[in-house]
Amino acid sequence: MKKISRSLVLLFFALGFVVPTVRSQTNAPASQGNDFLIIPEVRAGPITRHWTGADIELAFGILHCRREVRDFSQSEEGEEAGMVYTIYRIYPDTPDEIEIKLGPDGKAVRARIETKWADITNPKTGAVEWGPVRTLSRWHSKSGISLGSDVAKIEQVNGGPFEVMGWETDGGPGQVFDWKGGKIPDSFRVTFNNADLRTYGRVWGEATTSQSWTGLSNGPWIPKLDLFVSRIDIAL
């Protein structure tokens, strides 16, 4: 009888049922340590380049992560078209959701946090549009960059302006194209967005030409866009 009871306890612990404390926002198991720090080429919380899917499930509990198999296109991920990868979504469908991509060797290679999208009312026009919602995530860099950070914050951390891709471009609208020799490494990728996508397109069209498909973050069009960080990707 004692052996059966002990086995049940171990099973519940592995599934994430038995935890000393839980946080109301994400029900994070205490074993995760509430570590929401992201450091490019080092870790995302406790997750490092050497972690496998089994490590993720053991640390967070299978109730707090969702395994998916996804086919990535070249334009979205910079991988060869048709490549299939395993993704783990930790704290799925919560503000603290983070996506971990496993490489061909079955180990973590990339972490991503991203804002949610929903039907929102454009305050300028009153029209209902599908757009990004400012998401307050607890994941953050050492310098405090997180979802919702504005352009001024990123410039402050970078130590200067940077180059951003236009909304009309393929394969990365709103992404930082070049940190211009700043302090932020290339392994820390930031994408901007705003809730009024039509304003974005119009203002960007005024600021660029057909030959110029990127713009500097300190350009005159930035204040008109009310841009915020909508996605962060880091290499592990």
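Caption draft 1: Local environment of the side chain of E163. Relative to the assigned elements, E163 resides in strand 9 (residues 163–165). At a separation of 3.3 Å, a polar atom in the side chain of E163 contacts the side chain of K180. Once residues lying within four places of it in the same chain are set aside, the contact partners of E163 are Q175, V176, F177, D178, K180, T214, G215 and L216.

Caption draft 2: Inspection of the pattern of salt bridges at higher detail. Tallied over the full model, the rule gives 16 salt bridges. With a closest N to O distance of 2.9 Å, R138 and D96 form a salt bridge. On the criterion of sequence distance, the pair formed by R138 in the loop between strand 8 (128–133) and helix 4 (151–158) and D96 in the loop between strand 4 (83–90) and strand 5 (98–102) is long-range, its members being 42 residues apart. Residue classification places R138 among the buried positions, given a relative accessible area of 18%. In this structure D96 comes out as buried when scored by relative accessible area, which is 0%. Of the charged contacts in the structure, one is a salt bridge between D233 and R112, with a shortest N-O distance of 2.6 Å.

Caption draft 3: Fine view of the sheet that holds strand 10 (residues 176–178). The three strands are arranged 10-9-12 in an open sheet whose pairing can be described as antiparallel. Either end of the sheet is taken by a strand with one partner, and the two such strands are strand 10 and strand 12 (214–216). If you compare each strand with its neighbour and ignore which way they point, the axes differ by 40° on average. Strand direction decides the pairing type here: strand 9 and strand 12, joined by three bridges, are antiparallel. Each residue of the ladder has a partner; that of E163, found in strand 12, is L216.

Caption draft 4: Structural context of helix 4. Residues of helix 4 that are buried include every one of V151, I154, V157 and N158, and no others. The buried side chains of helix 4 occupy one side of the element, clustering within an arc of 130° when seen end-on. On its buried side, helix 4 packs onto strand 11 (188–193), helix 6 (222–225) and strand 13 (228–235). Remark: G159 follows helix 4 within two positions and exhibits a positive phi of approximately 85°.

Caption draft 5: Summary view of the packing of aromatic side chains. Under the counting rule described, the total for this entry stands at five aromatic pairs. In this arrangement the basic side chain of K101 is found over the ring face of Y85, its NZ or CZ atom lying 4.2 Å from the centre.

Caption draft 6: Geometry of the nonpolar core. Counting 40 residues, the largest nonpolar core has I56, I90, I100 and F192 as the members making the most contacts within it. Taken together, the elements giving at least two residues each to this core come down to helix 2 (53–60), strand 4, strand 5, strand 6 (108–114), helix 4, strand 11, helix 6 and strand 13. Discounting chain neighbours no more than four positions away, the residues touching F192 are S149, D150, V151, I154, F162, G174, V176, L227, F228, V229 and S230.

Caption draft 7: Region of interest: helix 2. Residues of helix 2 that are buried: G53, I56, A59 and F60. Around the axis of helix 2, the buried residues are gathered within 135° of arc, so they sit on the same side. Turned more than 90 degrees away from the buried face of helix 2, the exposed residues are A54 and L58. Two residues or fewer after helix 2 comes G61, characterised by a positive phi angle close to 85°.

Caption draft 8: Seen up close, the environment of H140. Looking at the element boundaries, H140 is found in the loop between strand 8 and helix 4. By relative accessible area, H140 is classed as partly exposed at 32%. A sequence separation of 105 residues divides H140 from D35, and the C-alpha atoms of the two residues are 9.9 Å apart. For H140, the contacting residues outside a window of four places in its chain are F36, L37, I38, I145 and S146.

Caption draft 9: Expanded view of the confidence of the model for the chain. Here the chain shows a mean pLDDT of 78. Residues at 70 or above account for 69%. Scored below 50 in pLDDT, residues 8–31 shows 40 contacts in the model against residues more than four places distant or in partner chains.

Caption draft 10: The side chain of R89, seen in detail. In this fold, R89 is placed in strand 4. Within the local environment of R89, its side chain forms a polar contact with the side chain of D93, the two groups lying 3.3 Å apart. Separated by 2.7 Å, the side chains of R89 and E97 make a polar contact. Setting aside anything within four residues of it in sequence, one finds R89 in contact with H64, C65, R66, E68, R70, E97, I98 and E99.

Cut-offs applied
Residues numbered from 1 in each chain as written. Predicted model: local features only at pLDDT ≥ 70, side-chain atom pairs only at ≥ 80, totals over all residues. Heavy atoms only, no water. Helix = DSSP H or I, 4+ residues; strand = E, 2+ residues; numbered from the N terminus. Polar contact = N/O pair within 3.5 Å; in protein donor to acceptor, adjacent residues only side chain to side chain. Contact = heavy atoms within 4.5 Å. Salt bridge = Lys/Arg side-chain N within 4 Å of Asp/Glu carboxyl O. Buried < 20%, exposed > 50% of the residue type's maximum accessible area, 1.4 Å probe, protein only. Pairing = 2+ DSSP bridges. Axes fitted to C-alpha atoms, helices over the stretch in contact; angles between N-to-C directions. Arc of directions from axis to C-beta. Phe/Tyr/Trp six-rings, centres within 6.5 Å; stacked < 30°, edge-to-face > 60°. Lys NZ or Arg CZ within 6 Å of the ring centre and 35° of its normal. Core = buried A, V, L, I, M, F, W, Y, C linked by side-chain atoms within 4.5 Å. pLDDT = per-residue confidence, 0-100.

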